[in-house]
Amino acid sequence: MDDSFDEERYDSVYANDPVSEFLNVTESLRIQSLDQLLEEDKRTNAQKDDPIAWYHGKIPREAAESILKEGLASLQGTGADSNGLYLIRDSTSSDKDFVVSVTHDAKVFHFQIKEVFDGHYKLDEGPTTQGLEKLVAFYENGANGLITKLTRHCKGSPPPDRARLNGPTNLLHRAVMEGNEDTVASILQHRLCPPVNAKNELGTTALHDASKYGKAVIARLLIDKGADVHAKDRAGFTPLHRACSANYADVVTLLIKHGKADPQIRSPKTGWVALHEAAMKGNADCIKKLLQFFAPMMPRADDGQTPLDLASRYNRQDCIPLLRFPDKRQVRTKKEYWFHSGLDRKAATQLLEEYRKEEGLFLVRKSTRNEHYNVISLCHKKSIFNFEIKVTDYQNCSVHYIDDGPYFENLLQLIEHYSRYCDGLSTKLRASITSDKRKMEIDEEYYNVQDVNNTSKRLSSPAPPVPQSRPVLPTHPNHLHGDPKNEPPPLPPSHPPTKQPSASLKKDLGDRQSSLDEFKKIDKRDIKIGCELGQGEFGAVKKGFYTQRKAKFRSTQTEVALKTFHDDSMSGAMTSIMEEARLMQRLDHECIVKLYGICEKPFMLVEEFIPLGSMLDYLYEHKNQIQANPTMYLWASQVAHGMCYLETMKIVHRDLAARNILVQSMQQVKISDFGLSRAFVEEKNYYQASKGGRWPIKWYAPECVNYGKFNHKTDVWSFGITLWEMFSYGEQPYGDKKGVEVMQFIESGERLEKPDNCPKTCYLKMLECWNKEPAKRPDFNDLYRHFQVDQEYASVSEIQRSRTKKY
Ligand code: AMP
């Protein structure tokens, strides 16, 4: 993790550019005017960018098709291959993704290019490349599974800076490297100034270079011109990482104070934050500066290493004492500002609701799962998120942490940190409910300026309580990053989404109309919306009543669950939502949640109401009341029964887990959440996942993770994990292990251990479900029969026989 990365020349069209080596901007300005130099720079760089001028911005699919058809027409008679004429455009369904539109046999095909993370892209099952240019080059080299190789492009412009790995070194880059402040200032003021966030041939922005070479004044000019302080270079580092690596403490100050740089931004390649970089390089001044700006002392990298570990490994003797606990920085918060020792999840929810779930409002309470843990209940976008604060041992000291976030010596330090930096939580902690139940604003100045003496806080009384017709079911207290399915919502965008529907949303709403026609539509006037039942991936799930008008003056009222959607989830998620609805509409089985129809405005899925909510929550809230025999066996047989039905309908669920089973009663559970399900194409034997996205890896068979393949046998693997969750009363499978660690664990032949109260025969079934070879796993019919008729579970059959069928 040293700078060798930068020294290494990238084999691109921009490498070995003789001009970039020799042109001295300040010298040249004695001979030529800045106007001339910038004109010349623009022209030569446009020429260099010509091979990648395939980007057409935010154009709809129809426009792409007509551009390509015109292109095809102009190729006619030239003898050129008409297959593989292409262009790249922005995806209309996701702000970060792109689409390649390409011709084949005189038709146009469109393929989604997904951003996997920070400037890394993937098309279908192809490789992940850093930078869009590399991805396009890969498919120019050969079809590689695409319908055709990309042969020539319709001319547009080069890709946007954020999606590029590198670019031609421009006059601004050169002037920054020279370090002449006046020259840089003149360029920045000039009408032909290159884009301030453009990357050079080595993949760094001008601000990265200013930071790396310690040019604080220039860095300030760049920030004032709009340079992105969080831009990432090829190593995934921000300007702050670079300044820390090169030990420029004054630049660190400037980036954080003036540029509002967040010291907790991680490199996507290693998980290192700036403090790791400073510690590894032994740059004590930068360490002091970062700590002075409240960077946490013990952030953890992807492999768990702290800056102290690095400083010790590289023998940075003067840094070690700075990075070792005790953390002597003054803590200003107090436990009585937010701690509620006797509150459970339901009471915490009610209390936060009394204050209308204001953004960033929080409290801390004891975990009901583990007496040593605490939980932050935090409001974000009118929902409540629960983050478990765990305790572990680090270098003989007991430390507190949330998921893979930093270690803290105590709860006070942890709360103070998350009041300053969001650092993976859904939002920063902005206001708390005090132990005497008043609201306390967190004054940013108070936290961020060190020498403030004023300790007074703004207090207010609760808002009048919002009437609740039914206690809100608590959200699942799964934590931040450890469980891929329970990720926190994405960090708030730097530019909050506008309330107006975006162009893409408008288009999606338009596209939606045609697909809506296939659904049973329910009139908004027939729906009464009630309290929130829980949070789904795209919005709240609410209770409601559906009035079905049968004949004149005759109607019935049915309790329903209403799946609602945030405005800002609509544009990106429409396809998944419609997919879920389309699948559910085809299903009719007693062990599967029914879809009654769709309400158009506001857009909602109207589903059968399942009163006791998710099985996962139910299990650990009623631990002592649920017996393995008969209840769990009965539930297991019902899930297997529902899955048999899905198999006959040729549907692969892909997200079978306790969180997605709903409890109707002690005698009936139902499978829900078809957000990840896909119709299964039999000839292919496997459904191939075409999009990356959020995968519940801990529930997935190895072939899902390794090859993106899904079929009924991979659902069987997930069924085994669901059984394990049931018999361990809602424990987290594989505990704190991350996705990669779980995969290694599985590959090495290990499996989850038998839960304490699980009968041996049942555990053996789980192990069968987790057979490495899909063919050796049982099928759902076997599983259904096993749980229904096995001698050991005789009582299950009795219950099933005695149950009156309500459907
Ligand atoms: P989902 O979007 O399916 O993940 O749902 C999120 C949460 O909403 C679940 O965990 C349940 O607590 C609740 N929920 C979803 N669907 C229903 C339903 N049909 N009946 C009752 N509660 C539901």
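Note that the structure is predicted; figures quoted are calculated from it, not measured.

As a structural note, the neighbourhood of the ligand is formed by 15 residues, with G536, K563, E608, I610 and D673 the closest of them. In the model, a nitrogen atom of the ligand is placed 2.9 Å from a nitrogen or oxygen of the I610 main chain. The fraction of the free accessible surface of the ligand (480 Å²) that becomes covered by protein chains is 90%. Listing elements by their share of the shell around the ligand, those giving two or more residues are β15 (527–535), β17 (554–564) and β19 (604–608). The leading source of residues in the shell around the ligand is β15, at three residues.

What follows is about the pairing of strand β4 (residues 120–123). As paired strands, strand β3 (residues 107–117) and β4 are joined by four bridges and run antiparallel to one another. Residue pairing in the sheet places K114 in a bridge with K122 of β4. The pairing of β4 with strand β5 (residues 129–130) spans two bridges and is classified as antiparallel. Bridged to H120 within β5 is Q130. Between β4 and β5, which pair antiparallel and follow one another directly, the connecting turn spans five residues, one of which, D124, has a positive phi of 50 degrees.

Here I218 shows up in helix α10 (residues 216–224). For the pair formed by I218 and A175, sequence separation is 43 residues and the distance between their alpha carbons is 9.8 Å. The contact partners of I218, leaving out residues within four places of it in the chain, are V176, G179, N180, E181, V184 and A210.

Okay, the packing of helix α13 (residues 274–281) against helix α14 (residues 284–292) next. Between α13 and α14, the least distance of the axes is 8 Å, while the angle of their chain directions is 155 degrees. Regarding the angle of α13 to α14, the classification is roughly antiparallel. Our pair here, α13 against α14, has a crossing hand that is left-handed. Here α13 contributes A274, L275, A278 and A279 to the contact with α14, which in turn contributes C286, I287, L290 and L291.

One pass over the full model with this rule turns up 31 salt bridges. The closest approach of N and O atoms between R345 and E621, which form a salt bridge, is 2.5 Å. Note that R345 is positioned in helix α17 (residues 345–354) and E621 in helix α22 (residues 615–621), a separation of 276 residues in sequence. What makes R345 buried here is its relative accessible area of 6%.

The next point concerns the sheet that holds strand β2 (residues 98–104). Backbone hydrogen bonds are what pair the strands of a sheet, in a parallel or an antiparallel way. Spatial strand order, β5-β4-β3-β2-β1-β6: six strands in an open sheet with mixed pairing. Strands with a single pairing partner mark the edges of an open sheet, and in this sheet they are β5 and β6 (152–153). Across seven bridges, the pairing between β2 and β3 is antiparallel. Opposite H104, over in β3, you have K107 as the bridge partner. With respect to the sheet, helix α5 (residues 61–75) is in contact with β1 (85–90), β2, β3 and β6, its orientation differing from that of β1 by roughly 160 degrees. Those strands touched by helix α6 (residues 132–141) are β1, β2, β3, β4 and β5, and its axis lies near 30 degrees from that of β4.

The UniProt entry lists residues 202–234 and 235–259 under the feature "repeat: ANK" (unreviewed entry), expressed in the numbering used here. From the first C-alpha to the last, residues 202–234 spans 8 Å; its make-up is 48% helix and 0% strand. Annotated as residues 235–259, this span is 68% helix and 0% strand, and its ends, taken at the C-alpha atoms, are 21 Å apart.

Evaluation of the coordinates by the stated rule reveals zero disulfides. Of all cysteine sulfurs in the structure, the one in C762 sits closest to C758, which takes part in no disulfide; the separation is 3.9 Å.

Within α6, the full set of buried residues consists of L132, E133, L135, V136 and Y139. Down the axis of α6, the sector holding all buried residues measures 165 degrees, keeping them to one side. The elements touched by buried residues of α6 are β1, β2, β3, β4 and β5.

Turning to the environment of T631, a few remarks are in order. Among the structural elements, T631 can be located in helix α23 (residues 628–648). Spatially, the C-alpha atoms of T631 and Q668 are 9.2 Å apart, while their sequence positions differ by 37 residues. Residues within four places of T631 in sequence aside, it is in contact with I626 and M666.

Another aspect to go through is the nonpolar core. Side chains of a nonpolar character, in soluble globular proteins, are inclined to be buried together. Formed by 74 residues in total, the largest nonpolar core has its most connected members in M615, W635, F719, M726, F727, M766 and W770. If one sorts the elements of this core by residue count, α23 sits on top with twelve residues. Apart from the residues lying within four places of it in its own chain, the contact partners of F727 are A628, M632, Y633, P755, C758, P759, C762 and M766. Core analysis: the second largest hydrophobic core is formed by 58 residues, V25, L171, I256 and L323 among them.

Another aspect to go through is unusual backbone geometry. Going from F325 to P326, the amide bond is cis rather than trans, its omega being 10 degrees. In this structure, R356 takes a positive phi of about 60 degrees despite not being glycine. Here R356 lies in the loop between α17 and β8 (361–366). When its relative accessible area of 42% is taken as the criterion, R356 is described as partly exposed. The backbone phi angle of D423 is positive, close to 45 degrees, even though this residue is not glycine. Inspection of the secondary structure assignment puts D423 in the loop between α18 (411–420) and β12 (431–433).

Here is what the cut-offs are and how they apply
Residues numbered from 1 in each chain as written. Predicted model: local features only at pLDDT ≥ 70, side-chain atom pairs only at ≥ 80, totals over all residues. Heavy atoms only, no water. Near = heavy atom within 4 Å. Polar contact = N/O pair within 3.5 Å; in protein donor to acceptor, adjacent residues only side chain to side chain. Areas by Shrake-Rupley, 256 points an atom, 1.4 Å probe, with all protein chains shown as cover. Helix = DSSP H or I, 4+ residues; strand = E, 2+ residues; numbered from the N terminus. Pairing = 2+ DSSP bridges. Contact = heavy atoms within 4.5 Å. Axes fitted to C-alpha atoms, helices over the stretch in contact; angles between N-to-C directions. Parallel < 35°, antiparallel > 145°, perpendicular 65-115°, else oblique. Left-handed = near helix turned anticlockwise from the far one by under 90°. Salt bridge = Lys/Arg side-chain N within 4 Å of Asp/Glu carboxyl O. Buried < 20%, exposed > 50% of the residue type's maximum accessible area, 1.4 Å probe, protein only. UniProt positions renumbered as here; feature names shortened; annotations may be inferred. Disulfide = S-S within 2.5 Å. Arc of directions from axis to C-beta. Core = buried A, V, L, I, M, F, W, Y, C linked by side-chain atoms within 4.5 Å.

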